[in-house]
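Take a look at the letters that make up each chain.
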Amino acid sequence: MTEMLTFPVNIPVKVQNGGLFISRGIGTHPTRKLSSHELIYVVRGSLSLQEENSRFDLHEGESLLLFPGREHKGVTTFDADLKFYWLHFDIVKDIAINNSQQNNPSLQLNIPQHCKVRDRETLLTLFRLFLYEQERGGNSLDLFLILLLEEVSRTWPENVEPGGPGVALAYKARQLITTQFHLPLGASELAERLHCNADYLGRVFRLTFQMTLTEALHKQRVAAAEKLLLANTGNVADVARLTGFNDVAYFRRVFRKLLGITPAAYKKLYCREHINSQ
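Attention here is on the structure that accompanies the text.

Conventions used here
Residues numbered from 1 in each chain as written. Predicted model: local features only at pLDDT ≥ 70, side-chain atom pairs only at ≥ 80, totals over all residues. Heavy atoms only, no water. Helix = DSSP H or I, 4+ residues; strand = E, 2+ residues; numbered from the N terminus. Contact = heavy atoms within 4.5 Å. Axes fitted to C-alpha atoms, helices over the stretch in contact; angles between N-to-C directions. Parallel < 35°, antiparallel > 145°, perpendicular 65-115°, else oblique. Nonpolar A, V, L, I, M, F, W, Y, C, P; charged D, E, K, R; others polar. Pairing = 2+ DSSP bridges. Salt bridge = Lys/Arg side-chain N within 4 Å of Asp/Glu carboxyl O. Buried < 20%, exposed > 50% of the residue type's maximum accessible area, 1.4 Å probe, protein only.

### Re the side chain of Ser 153
Along the chain, the position of Ser 153 falls in helix α3 (residues 141-153). For Ser 153, the residues in contact, after removing those within four places along its chain, are Leu 109, Asn 110, Ile 111 and Pro 112.

Shown next, in the form of structure tokens:
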């Protein structure tokens, strides 16, 4: 008989329903006042809504949170190219929250009412999974809602403009790190190649990817080192050299810091020789 793990899951939100709206270029959003929250995410086209005295012009890749008890309405006729996901949900106020949860800020989501979503593909995937779960009558809708709200809360920092020169520079730096990690590559070398100030590059990179240039470089080099170790490509010193680490001892420290195990132990644990005798 299979043993079962059972535990309670208390989620402070409750899904009502959700869907995908595809415009035919006619009509406008109705005027109404809901008793629930509504999350809207525009996939394509544009949508203009007014909530009480505030107007919101949504474009592709932007989300809007409408609040209960506030009248909202469409401002213009539906855009012919408009396509957006919508989801109605309630905040459950009678779920008990213990002291450790109250004192843990990582459990609190700060969701802007109107924002440009940072990772569109992830949000689209979550909406598709949500609708699939809703269609089959599953019990995980509230979990998907939490994931959706968490993804919306990952907005661009206020001092970094999506698509602006700072973000473009950060992405160029990441591209160099991804493709040329095996070469001597630090903040000064990256800044020189991108013709910018090293401090500025480090700042916009950290704001864009929530990690420093050094951390990104280490992650890329260690990921490459893992593949070489699994492929049994040379000894640890060879792997360090091939992935851009000139100091083997430093390579060991970084590898252990990121993976919790030394390169030699990793190779011994995961790499096995398979000898065919026939």
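### Things to note about the packing of helix α7 (residues 213-230) against helix α9 (residues 248-259)
Relative orientation of the contacting elements α7 and α9 amounts to 95 degrees, with a least axis distance of 10 Å. Put simply, α7 runs roughly perpendicular to α9. Across the interface between the two elements, His 218, Lys 219, Val 222, Ala 225, Glu 226 and Leu 229 from α7 touch Tyr 250, Phe 251, Val 254, Phe 255, Leu 258 and Leu 259 from α9. Residue composition of the contact of α7 with α9, grouped by class: 9 nonpolar, 1 polar and 2 charged.

### Things to note about the sheet that holds strand β2 (residues 32-33)
Across a sheet, paired strands are connected by hydrogen bonds in the backbone, their directions being either parallel or antiparallel. Reading across from one edge, β2-β7-β4-β5 is the order of the 4 strands in this open sheet, with antiparallel pairing throughout. This sheet does not close on itself; its edge strands, each paired only once, are β2 and β5 (54-59). Pairing geometry for strand β4 (residues 46-51) and strand β7 (residues 71-74), over 3 bridges, is antiparallel. By the bridge assignment for β7, Leu 49 is matched with Gly 74.

### Some details on the pattern of salt bridges
Applying the stated criterion across every chain yields a total of 7 salt bridges. The residue Glu 133 makes a salt bridge to Arg 136 at a minimum N-O spacing of 2.9 Å. Residue classification places Arg 136 among the exposed residues on the basis of a relative accessible area of 55%. In this structure, the salt-bridge partner of Arg 241 is Asp 238, at a minimum N-O distance of 3.6 Å. Here Arg 241 and its partner Asp 238 are both found in helix α8 (residues 236-242), 3 residues apart, which amounts to about one turn of the helix. Residue classification places Asp 238 among the partly exposed residues on the basis of a relative accessible area of 27%.

### A closer look at the sheet that holds strand β6 (residues 62-66)
An order of β1-β8-β3-β6-β9 is seen for the 5 strands of this open sheet, with the pairing classed as antiparallel. Two strands bound the open sheet, and with one partner strand each, they are β1 (13-22) and β9 (114-116). Taking the axes of each pair of neighbouring strands and ignoring which way they run, one obtains an average angle of 15 degrees across the sheet. Relative to β9, β6 runs antiparallel, the two being bridged by 3 bridges. Of the residues in β9, the one forming a bridge with Leu 64 is His 114. Each of β1, β3 (37-44), β8 (83-91) and β9 is contacted by helix α2 (residues 120-135), which is oriented at about 105 degrees to β1, the strand it contacts most. Strands in contact with α3 are β1, β3, β6, β8 and β9; relative to β1, the strand with the most contacts, it is inclined by about 70 degrees.

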